[in-house]
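Residues per chain are reported as follows:
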Amino acid sequence: MSKYGVKKRKRIQTKLMVYVMVCVIPLTLLLGFALFRMVDYYQKYDRLVRNITNANAYNMSFKESMDETMYRIITGSANWTDPEEKLMSDDPKALIRSAVEHFESLRENTSEANVEADLDQLIKLLGILDERVDDILKNVEEGGHYDENMELLDFNIRTLTSLIQEDIQVYIRDEAKNMEMLRREVAASLLTTTRILVILLVITVIAIIILSSKLSKSITEPITELVDMTEKFAGGDFSVEYHIESHDEMEVLANSFNSMVKEIETLINDIHKEQENARDAELRLLQEQINPHFLYNTLDAILWMTEAGENQDAIKMIQELSNFFRISLSKGKSEISVKSEMEHVRSYLEIQHYRYRDIMDYDISFDENILDCRIQKLTLQPIVENALYHGVKNKRGSGHIKVMGRAEGRDLIFTVEDDGIGMKEDELENLRSLISGDTKPPEEGGFGMANVEQRLEMHYGREYGMRVESEYMKGTTVTVKIPQINGASCAVRLQDR
């Protein structure tokens, strides 16, 4: 670059730096201070509001829930003596523990003496309540203490819950007083900050007007030309090019604009191709959601069962077929829960088990903590179908299909195993090539492993998908890896593992 270009660029940078220091730095410092104060006040205010809100929730529900739960346990409407029938909503101990943990957390995060005293009293009363609840639960487990338990409920439990409710109201009142004090402090600070800000704004505006009039001439004209080019580009004209020989930052900007136009044009062409591929994949998905051969064969089997007098089996098969297509359609949704996908596979295998009961058996094993996670619809059923028709049916004798699902870190792992005929090395390589996209999938036929892999990569990224392992005369294992998708319940249950 020429000396002229270097000096020019330095001169513009100097002007801009002066402009920034005069106009921006004072405001930045003030706004930084104001933001710091605002965040500090907001955190205090938010803590108070959350404390009051949560305490108010306990104020409205704790007494009623505790009294009702203990009454139900004493009268036997809640079966406390059978551990398998205990529900979280019928567990007074859990309700007390939750309240104690909540108020102990509030106690640790407060520094106000009056609030500390309120919380200490609440925690103490909850401890006494816990002991009285233990007395009643012990009597319930022994049996034969109904009148004694009802007396304990009236004179101990309900009295203590009333005292707890009153103390919660005292705590809420004290926190409200603290909130009012904080409000006054914020109002006073805001008034002072506003006065300083107005003075600095006036000074800054004057400086901006003076500097802008000098600086704008050197940059507005090239920018105006660039805006015109940008408008043409926004209108869809990808042939625009902006040329300027100013030997400064504007020339760099012009070159960057030209490069951006070319790159966006390339990206748009790529997006069009990806959209076409996505439409093709979704079209094939819709076409395969209702497999006519599978439907015809199943209906024929139902008809045969009916004619043979196996009405109960026919009814069960109709129910499984209904469940299969209900999940297949899923009201047009492309993503369903892992539990629904498991039920879809189970219905499919149960239907096929009626038809191939002499040669096919199956097992399905999914971890409970992944059932609320989300998965692309029709991910596992095509793989299971492939295991049946290309694995088990081609094997002499009976075969077994096993479908499993588990969490592994932040991912979900599903495996479909069969002890069918398996694949030779060349067959396995051909299938892997088909799945990876190196070989074009057939235009006709089943849903296809390639289509499943294409949808998985399209929705989850190239790091996810399926892996196929097979050995001739021993069987095939297909492993599907997807990320853990959504579900607060899904995330919580995975964290609890």
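Thresholds, definitions, all that
Residues numbered from 1 in each chain as written. Predicted model: local features only at pLDDT ≥ 70, side-chain atom pairs only at ≥ 80, totals over all residues. Heavy atoms only, no water. Buried < 20%, exposed > 50% of the residue type's maximum accessible area, 1.4 Å probe, protein only. Helix = DSSP H or I, 4+ residues; strand = E, 2+ residues; numbered from the N terminus. Pairing = 2+ DSSP bridges. Phe/Tyr/Trp six-rings, centres within 6.5 Å; stacked < 30°, edge-to-face > 60°. Axes fitted to C-alpha atoms, helices over the stretch in contact; angles between N-to-C directions. Left-handed = near helix turned anticlockwise from the far one by under 90°. Contact = heavy atoms within 4.5 Å. Nonpolar A, V, L, I, M, F, W, Y, C, P; charged D, E, K, R; others polar. Polar contact = N/O pair within 3.5 Å; in protein donor to acceptor, adjacent residues only side chain to side chain. Salt bridge = Lys/Arg side-chain N within 4 Å of Asp/Glu carboxyl O. Patch = residues over 30% accessible without salt bridge, like charges linked within 9 Å, V, L, I, M, F, W, Y side chains within 5 Å. Areas by Shrake-Rupley, 256 points an atom, 1.4 Å probe, with all protein chains shown as cover. Parallel < 35°, antiparallel > 145°, perpendicular 65-115°, else oblique.

Caption draft 1: A look at the pairing of strand 4 (residues 399-408). In strand 4, alternate side chains face the same way, and those of G399, I401, V403, G405 and A407 are buried while those of H400, K402, M404, R406 and E408 on the opposite face are not. Pairing geometry for strand 2 (residues 360-366) and strand 4, over 7 bridges, is parallel. By the bridge assignment for strand 4, I364 is matched with V403.

Caption draft 2: Broad picture of the packing of aromatic side chains. Tallying each qualifying case throughout the model produces 3 aromatic pairs. Between F324 and F325 the ring centres are 5.2 Å apart and the planes differ by 85 degrees, which places this aromatic pair in the edge-to-face class. The pair F324 / F325 is uniform in exposure class, with both members buried. For the ring pair F324 and Y348, a centre distance of 6.0 Å and an interplane angle of 35 degrees mean the geometry is tilted. Linking F324 in helix 8 (residues 311-329) with Y348 in helix 9 (residues 338-355), this pair joins segments that are 24 residues apart in sequence. The exposure class assigned to F324 is buried, which follows from its relative accessible area of 4%.

Caption draft 3: Quick look at the sheet that holds strand 7 (residues 475-483). With mixed pairing, 5 strands are arranged side by side in an open sheet as 2-4-5-7-6. At either end of the open sheet lies a strand with only one pairing partner, and these are strand 2 and strand 6 (465-471). Looking at each pair of strands side by side, their axes are set apart by 10 degrees on average, direction ignored. Of the pairings in the sheet, the one linking strand 4 to strand 5 (residues 411-418) comprises 8 bridges and is antiparallel in character. Residue pairing for strand 5: M404 is matched across the bridge by T415.

Caption draft 4: Representation of the packing of helix 8 against helix 9 in the model. The contact between helix 8 and helix 9 brings their axes to 9 Å, and the two run at 145 degrees. Between helix 8 and helix 9 the crossing geometry is left-handed. Each of D313, K316, M317, E320, L321, N323, F324, I327 and S328 in helix 8 lies in contact with helix 9, whose residues at this interface are S340, E343, H344, R346, S347, Y348, E350, I351, Y354 and R355. Residues that form the contact of helix 8 with helix 9 fall into these classes: 7 nonpolar, 5 polar and 7 charged.

Caption draft 5: Inspection of the environment of I136 at higher detail. Residue placement: I136 occurs in helix 4 (residues 113-142). The class of I136 is buried, set by a relative accessible area of 0%. With 13 residues separating them along the chain, I136 and N149 place their C-alpha atoms 5.8 Å apart. Sequence-distant contacts of I136, defined by excluding residues within four places in its chain, comprise M70, I74, N149, L152, L153 and I157.

Caption draft 6: Fine view of the side chain of S470. Among the secondary structure elements, S470 is positioned in strand 6. Look at S470 and you get buried, because its relative accessible area is 17%. A distance of 2.9 Å separates the side chain of S470 from the backbone nitrogen of M423, its partner in a polar contact. Reaching out from S470, the side chain makes a polar contact with the side chain of T476 at a distance of 2.8 Å. Once residues within four sequence positions are removed from consideration, S470 is found in contact with G422, M423, L428, G475 and T476.

Caption draft 7: How the structure looks around the pattern of salt bridges. Under the definition given, this model contains 18 salt bridges. As a salt-bridge pair, R107 and E116 come within 3.8 Å of each other at their nearest N and O atoms. Residue R107 is classed as partly exposed on the basis of its relative accessible area of 26%. Residues E429 and R432 are paired through a salt bridge, measuring 3.4 Å at the closest nitrogen-oxygen approach. With E429 and R432 both in helix 11 (residues 425-436), this residue pair falls 3 residues apart, about one helical turn. Since its relative accessible area comes to 30%, R432 is described here as partly exposed. One salt-bridge network, held together by shared partners, links E429, R432, R467 and E469.

Caption draft 8: Spotlight on a nonpolar patch on the surface. Judged by side-chain polarity, M17, V20, M21, V24, I25 and L29 come together as a nonpolar surface patch covering roughly 540 Å² of accessible area. Of all the elements in the fold, those that place two or more residues in the nonpolar patch are helix 1 (3-23) and helix 2 (25-75). Broken down by element, the residue count for the nonpolar patch peaks at 3 residues, all from helix 1.

Caption draft 9: Structural context of the packing of helix 3 (residues 92-108) against helix 4. Packing of helix 3 against helix 4 brings their axes to within 10 Å, and their N-to-C directions diverge by 165 degrees. The angle between the axes of helix 3 and helix 4 places the two elements in the roughly antiparallel class. Crossing of helix 3 over helix 4 shows left-handed handedness. Contact residues: P92, K93, I96, A99, V100, F103, E104, L106 and R107 in helix 3; E116, L119, D120, L122, I123, L126, L129, D130, V133, D134 and L137 in helix 4. Residues that form the contact of helix 3 with helix 4 fall into these classes: 13 nonpolar, no polar and 7 charged.

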